[in-house]
Amino acid sequence: MANELGLSKETLRVWVRKHKSSGQDTPGESVGLEVENRRLRAELAEARRANEILRKASAFFAAELDRPSK
């Protein structure tokens, strides 16, 4: 499993030990991860909207610069 994650076996072993010693249950963590996932998806959507606006503004101002001045 460690190889599939791109980790050393010892790193994975340390993570598992820390998780077991923390006393946290996996389902509770998964709920937290779902909330974080939703927040990150919303942030990504907002960043994509902002990028689209900036792309359109850039094209608009580039076209303005290419127009001959009067």
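This text goes with the structure placed above it.
An account of the accompanying structure is given in this report.

Definitions and limits used
- Every chain is numbered independently, its residues counted from 1 as its sequence is written.
- Note on the predicted model: pLDDT of at least 70 is required for a residue's local features to be given, and 80 or more for side-chain atom pairs to be given and counted; whole-chain, interface and lining totals, by contrast, use all residues.
- Side-chain metrics rest on all non-hydrogen atoms present in the structure, leaving aside hydrogens and water.
- A pair is scored as a salt bridge if a Lys or Arg side-chain nitrogen falls within 4 Å of a carboxyl oxygen belonging to Asp or Glu.
- Per the convention used, a helix needs a DSSP run of H or I reaching at least four residues, while a strand needs a run of E reaching at least two, with both numbered from the N terminus.
- Note on aromatic pairs: the rings of Phe, Tyr and Trp (six-membered ring only in Trp) are paired at centre separations within 6.5 Å, and the planes decide the class, stacked below 30 degrees, edge-to-face beyond 60, tilted for the rest.
- Here the term buried applies to any residue with accessible area under 20% of the maximum for its type, exposed to any over 50%, and partly exposed to those in between, with areas from a 1.4 Å probe on protein chains only.

**A closer look at the pattern of salt bridges**
Applying the stated criterion across every chain yields a total of seven salt bridges. Ionic pairing is found between Glu52 and Arg55, a salt bridge with its closest N-O pair at 2.6 Å. With Glu52 and Arg55 both in helix H3 (residues 26-66) and three residues apart, the pair spans about one turn of that helix. In the salt-bridge network here, residues are joined through shared partners; they are Glu10, Arg13 and Arg17.

**Looking at the packing of aromatic side chains**
Applying the stated criterion across every chain, the model contains one aromatic pair. Seen in terms of ring centroids, Phe60 and Phe61 are 5.2 Å apart; in terms of plane orientation they differ by 75°. Their pairing is edge-to-face. Here Phe60 falls in the partly exposed class, since its relative accessible area comes to 48%. Judged by its relative accessible area of 52%, Phe61 falls in the exposed class.

Keep in mind these values describe shape, not function.
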